[in-house]
Amino acid sequence: MTIRNTQGLTVWFTGLSGAGKTTLSQALEKLLMARGYRVEPLDGDVVRQHLSKGLGYSKADRDENIRRIGFVAELLTRHGVVALVSAISPYREIRDEVRRKIGAFLEIYVNAPLEVCEQRDQKGLYQRARAGEIKGFTGIDDPYQPPLAPEVECRTDLETVEESVAKVWREVEAKLAGG
Ligand code: ADP
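All of these numbers come straight from a predicted model, not from anything done at the bench.

### Remarks on the packing of aromatic side chains
Point 1. Summed over the entire model, instances satisfying the criterion amount to three aromatic pairs.
Point 2. Ring plane angle 85° and centroid distance 5.0 Å describe the contact between Tyr126 and Phe137, whose orientation is recorded as edge-to-face. Here the residue Tyr126 occupies a position in helix α6 (residues 125-130), and Phe137 occupies one in the loop between α6 and β5 (152-155), the gap between them amounting to 11 residues.
Point 3. Overall, Phe137 belongs to the buried group, its relative accessible area being 9%.
Point 4. Just above the ring of Tyr57 sits the side chain of Arg48; from NZ or CZ to the centre is 3.9 Å.
Point 5. The residue whose ring lies beneath Lys59 is Tyr91, and the NZ or CZ to ring-centre distance is 4.7 Å.

Have a look at this one:
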């Protein structure tokens, strides 16, 4: 069996809860696997049950969570894997820190207005945050700092999933081809 000898890559999806990070990451995973790439999804919710278990949602804990994800993504990237990170990652400075450390990095701003994310509310979290049952919820009573120069921005309230996937895929393909 041939294993593609590629340089790895971290594709970092950032955005509000419900913006579409997981949806896009899963679609990308399928596309990459079908083409023989080694892929590892690092999903924010899953990471918090394992690697970052016990961390909360203060700025310090959120930054620590992102540092840990970044550390793992860097190891994977260095070993030729495509790491697909989907995490709200609300703070710009720590995202930029991780980007600098990893090098082969694409930042995907998964952007839908808060109203749209709140309307989607797949996990019922916005409703709980509005009811005061969850404190420090990103977009409600905690900040989200959008990227200033993401490689790709997907307006998921205006684009279909297919359109957003195609935009991300174009950049991923170019980057893996050495661009
Ligand atoms: P997140 O991982 O950011 O919390 P999810 O991927 O779980 O968000 O949910 C996003 C929801 O938005 C899904 O139901 C998805 O089908 C829908 N959606 C609509 N348009 C898009 C798009 N262009 N890209 C991604 N998701 C979209």
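### Re the pairing of strand β3 (residues 82-86)
Point 1. Judged by how many residues are buried, β3 sits mostly within the fold: five of five residues are covered.
Point 2. Alternating residues of β3 divide into Val82, Leu84 and Ser86 and Ala83 and Val85, and every residue in both groups is buried.
Point 3. Bridging between strand β1 (residues 9-14) and β3 involves five bridges; their strand directions are parallel. Bridge assignment links Val11 to a residue of β3, and that residue is Leu84.
Point 4. Relative to β3, strand β2 (residues 39-43) runs parallel, the two sharing five bridges. Note on β3: the bridge partner recorded for Asp43 is Ser86.

### Here we look at the site of the ligand
Point 1. Around the ligand, a shell composed of 17 residues is seen, among which Gly18, Lys21, Thr22, Thr23 and Gln122 lie nearest.
Point 2. Measuring from an oxygen atom of the ligand, one finds a side-chain N or O atom of Arg120 at 3.3 Å.
Point 3. Take Thr156: an N or O atom from its main chain is 3.3 Å from a nitrogen atom of the ligand.
Point 4. For the ligand, whose accessible area on its own is 570 Å², the fraction buried by protein is 80%.
Point 5. Contributing elements (two or more residues each) for the shell around the ligand: α1 (21-34) and α7 (161-176).
Point 6. Element by element, the count of residues in the shell around the ligand is highest for α1, at four residues.

About the thresholds
Residues numbered from 1 in each chain as written. Predicted model: local features only at pLDDT ≥ 70, side-chain atom pairs only at ≥ 80, totals over all residues. Heavy atoms only, no water. Phe/Tyr/Trp six-rings, centres within 6.5 Å; stacked < 30°, edge-to-face > 60°. Helix = DSSP H or I, 4+ residues; strand = E, 2+ residues; numbered from the N terminus. Buried < 20%, exposed > 50% of the residue type's maximum accessible area, 1.4 Å probe, protein only. Lys NZ or Arg CZ within 6 Å of the ring centre and 35° of its normal. Pairing = 2+ DSSP bridges. Near = heavy atom within 4 Å. Polar contact = N/O pair within 3.5 Å; in protein donor to acceptor, adjacent residues only side chain to side chain. Areas by Shrake-Rupley, 256 points an atom, 1.4 Å probe, with all protein chains shown as cover.

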